[in-house]
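One letter stands for each residue in the lines below.
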Amino acid sequence: MDKSYLELVQVQKKNKIEGLYPTTKLWILLFFVIWIFILSTIKFTSIQLPLLNLVWIPVLLFMFYISGDFVKCIKACRVILTIAAIIFLAQAFIIPGDREVFRLAFLKVSDSGLKKGFELSTMVLSIAGAFVWVFQTTDNKEIGQALEESGVNYTVSYIFVSTLNMINVLSKNSQTIMNAQRARGVETQGNMIVRAKAFVPSFIPLVLSAITGAEERVLTLESRGFAVKCQKTRVLKLQKSGLEKPAMIVCVIITVLLIAGRVVLWM
Amino acid sequence: MAKKYSIKEDFSMMAILMIPVGVAVNVVGGQLASLLHLPMYLDTIGTIFTAIIAGPWVGAVTGMLTNIVTGILNPVNFWFIYVNVIAGLVTGFLARAGWFAVWWKGLIATIIMALVSTVASAPAVVYVFGGVTGSGTSLLTAVLMASGQSIWASVLSVEIIWTTLDRIISWLVSLGVMACIPDRTLVKFSLGELYTKKH
């Protein structure tokens, strides 16, 4: 049976975790960040490492897996891994401390450097991982709709969604323009001056075409009554997957347990 | 009588649609710079550009949204949201005062903006990240710190030189873009009239 346009534009998700309501996912994200901060206050070993920060990595992998988006999420995580590694190495080698833990030729790793590096990089890794989970399992248009339903001004939610889309569009366009300029003979490899000179002919057409596009979109939006102050109708209907309530209950229980555990350890 | 500005006027339909473009230009500029292995960030071109043609508030929103969106992949950026907001505001207010209509005033304005954003970002770099944020200049800062300089001296000296250079190049690129935009498009922005070819 042929589907109507209205049915085709709806977001279809079979996986119940992936199909959680966007607002619920954002709540889970918030809880997750709180959990990370609670556990990071528990220190181990003689140099006070917050070793429990590592717990979140298997938890995140599990979340990626049960949402059915494992490969997509892992791909998005590669950037984060690089950033975390740079932060860890730089902090570990640079920050001076009282005690030397490890020595590699002229490079020294002190106790406070190791501690700060470990703390920051694991924190960045787990928080960014949680963001990856939310944004890789949710469509941009779902986020926009959820924002609007939670009372955000429709202009603001339009700007947000349009930004997320625009980044994808422009980075694709920049590849195209760069290839086109290469075909015309613009050098993109060589010494720094050559490469710097390649920046302008790739970049200016990109911005100009984006601005022309924006001009056209103004006409489109205005002809569809975007600026009119009235109740807007929507084509997209967000559906709940049914697991929202249990998910929130689990989150609250985990939070209570973690806080209780932390308080017990304190006393 | 001098023209009175209102925030509402700044956020015309055209300006609203320029915000996503500005953010994407910021992100793609950074990507392109790293693709070409340039030792610069070039990730504020969009903020500078929107602030110059559409005023401080549009620039500030562009700056804020840039760091929110990039923060999704790199939470370090969340700490620097206010820095980009300040950069957008400073550029926008100077642009409103007409500084970017003349090239040498534009250069001075860019340097002022770079200095303000360096000073604004330094406390977060020092206190939250111990001088090392994982960005390109971190290694340079780290080398200075390892050679015995104090953390404030290392962070400020590296960032002032680097940010100023970076912002000047970004401003030059924005100038290039503005020179290519036809007048009929420029006048659709609240500050666009300042940059039309008047003859």
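Keep in mind it's a predicted model, so treat the numbers as computed, not measured.

Each value, and the rule that gives it
Residues numbered from 1 in each chain as written. Chains lettered and ligands numbered in written order. Predicted model: local features only at pLDDT ≥ 70, side-chain atom pairs only at ≥ 80, totals over all residues. Heavy atoms only, no water. Helix = DSSP H or I, 4+ residues; strand = E, 2+ residues; numbered from the N terminus. Rg over C-alpha atoms; globule rule 2.2 N^0.38 Å. Buried < 20%, exposed > 50% of the residue type's maximum accessible area, 1.4 Å probe, protein only. Contact = heavy atoms within 4.5 Å. Lys, Arg positive; Asp, Glu negative; His and termini not counted. Charge placed at Lys NZ, Arg CZ, Asp CG, Glu CD. Areas by Shrake-Rupley, 256 points an atom, 1.4 Å probe, with all protein chains shown as cover. Phe/Tyr/Trp six-rings, centres within 6.5 Å; stacked < 30°, edge-to-face > 60°. Domains from an automatic or database assignment. Buried area = accessible area lost by both parts, 1.4 Å probe. Salt bridge = Lys/Arg side-chain N within 4 Å of Asp/Glu carboxyl O. Polar contact = N/O pair within 3.5 Å; in protein donor to acceptor, adjacent residues only side chain to side chain. Expected span 1.5 Å × (residues − 1). Axes fitted to C-alpha atoms, helices over the stretch in contact; angles between N-to-C directions. Parallel < 35°, antiparallel > 145°, perpendicular 65-115°, else oblique. Nonpolar A, V, L, I, M, F, W, Y, C, P; charged D, E, K, R; others polar. Left-handed = near helix turned anticlockwise from the far one by under 90°.

With respect to the overall build of chain B
Next, step 1: Looking only at helices and strands, chain B has nine helices and zero strands in total.
Next, step 2: Order of helices (α) and strands (β) in chain B, N terminus to C terminus: α-α-α-α-α-α-α-α-α.
Next, step 3: Over its C-alpha atoms chain B spans a radius of gyration of 17 Å, differing by no more than 12% from the 16 Å that the globule rule assigns to 199 residues.
Next, step 4: Residues counted as buried form 57% of the 199 residues belonging to chain B.
Next, step 5: Counted over contacts in chain B with a minimum sequence separation of 6, partners at least 24 positions apart contribute 66%.
Next, step 6: The distance from the centre of the 10 positive side-chain charges to the centre of the 7 negative ones in chain B is 9 Å.

Focus: the overall build of chain A
Next, step 1: Tallying secondary structure elements over chain A gives nine helices and two strands in all.
Next, step 2: The C-alpha atoms of chain A give a radius of gyration of 24 Å, which is well past the 18 Å a tight globule of 267 residues would have.
Next, step 3: Each of the 267 residues in chain A was classed as buried or not, and the buried ones make up 43%.
Next, step 4: Just so you have it, chain A exposes about 15300 Å², and 67% of that area is on carbon and sulfur atoms.

Focus: the packing of aromatic side chains
All names here are of chain A.
Next, step 1: Under the criterion given, the structure shown has twelve aromatic pairs over all chains.
Next, step 2: Here the aromatic rings of F32 and W56 are separated by 5.1 Å at their centres, their planes lie at 65°, and the arrangement is edge-to-face. Taken together, the residues F32 in helix α2 (residues 22-39) and W56 in helix α3 (residues 56-66) connect sequence positions 24 residues apart.
Next, step 3: Take F32: its relative accessible area is 2%, and that puts it in the buried class.

Some words on the domain arrangement of chain A
Next, step 1: Its domain assignment divides chain A into domain 1 (15-138 + 240-266) and domain 2 (144-223).
Next, step 2: The centre of domain 1 of chain A, based on its C-alpha atoms, is set 32 Å off from the matching centre of domain 2 of chain A.

A word on the interface of chain B and chain A
Next, step 1: Residue-level contacts link 51 residues of chain B with 51 residues of chain A.
Next, step 2: For the chain B and chain A pair, buried surface summed over both sides reaches about 4500 Å², with 85% attributable to carbon and sulfur atoms.
Next, step 3: At the junction of chain B and chain A, the tally comes to two salt bridges.
Next, step 4: In this structure, R184(B) engages E215(A) in a salt bridge whose closest nitrogen and oxygen atoms are separated by 3.9 Å.
Next, step 5: Our count for the contact surface shared by chain B and chain A stands at four residue pairs in polar contact (both at pLDDT 80 or more).
Next, step 6: Only α2 (13-35), α3 (45-54), α4 (56-71), α6 (103-129), α7 (138-146), α8 (151-180) and α9 (183-186) of chain B provide two or more residues apiece to the side of chain B that touches chain A.
Next, step 7: Per-element accounting of the side of chain B that touches chain A gives the leading share, 18 residues, to α2(B).

Some remarks on the side chain of T255(A)
Residues and elements named next belong to chain A.
Next, step 1: Take T255: it is sitting in helix α9 (residues 244-266).
Next, step 2: In this structure the side chain of T255 is engaged in a polar contact, spanning 2.6 Å, whose partner is the backbone oxygen of C251.
Next, step 3: Beyond its immediate sequence surroundings of up to four residues, T255 is in contact with F31 and W35.

A few points about the environment of A76(A)
Next, step 1: As for its position among the elements, A76(A) is in helix α4 (residues 70-94).
Next, step 2: Of the residues examined, A76(A) reaches a relative accessible area of 14% and is grouped as buried.
Next, step 3: Between the alpha carbons of A76(A) and A214(A) there is a distance of 29 Å; along the sequence they are 138 residues apart.
Next, step 4: Once residues lying within four places of it in the same chain are set aside, the contact partners of A76(A) are V132(A), Q136(A) and L73(B).

Considering α4(B)
Next, step 1: The end-to-end C-alpha distance of α4(B) is 22 Å, a good match for the 22 Å that 16 residues give at a rise of 1.5 Å each.
Next, step 2: Within α4(B), burial applies to P56(B), V58(B), G59(B), A60(B), T62(B), G63(B), L65(B), T66(B), N67(B), V69(B) and G71(B).
Next, step 3: Lining the buried residues of α4(B) we find α7 (154-183) of chain A together with α1 (7-10), α2, α3 and α5 (81-96) of chain B.

Comments concerning the pattern of salt bridges
Next, step 1: Under the defined criterion, the tally for this structure stands at five salt bridges over all chains.
Next, step 2: A salt bridge links K13(A) to E142(A); the nearest nitrogen and oxygen atoms lie 2.7 Å apart. On the criterion of sequence distance, the pair formed by K13(A) in the loop between α1 (5-8) and α2 and E142(A) in helix α6 (residues 140-149) is long-range, its members being 129 residues apart.
Next, step 3: Connected through salt bridges with shared partners, the residues E215(A), R184(B) and K188(B) form a single ionic network.

Let's talk about the packing of α3(A) against α4(A)
Residue and element names in this part refer to chain A.
Next, step 1: The interhelical angle for the contact between α3 and α4, taken along N-to-C directions, is 140°, at an axis separation of 7 Å. It follows that α3 is oblique to α4 by the angle criterion. Each of L61, F64 and Y65 in α3 lies in contact with α4, whose residues at this interface are F70, C73, I74 and C77.
Next, step 2: Its residues assigned to classes, the contact of α3 with α4 comprises seven nonpolar, no polar and no charged.

Re the packing of α3(B) against α8(B)
Each pair of packed helices gets described by two things: the angle between the helix axes and the distance between those axes.
Residues and elements named next belong to chain B.
Next, step 1: With their axes 9 Å apart at the nearest point, α3 and α8 run at an angle of 55° to one another. For the element pair α3 / α8, the angle class is oblique. α8 is crossed by α3, and the crossing has right-handed handedness. When α3 is examined against α8, the residues I45, I48, F49, I52 and I53 are found in contact with a partner set consisting of R167, S170, W171, V173, S174, V177 and M178.

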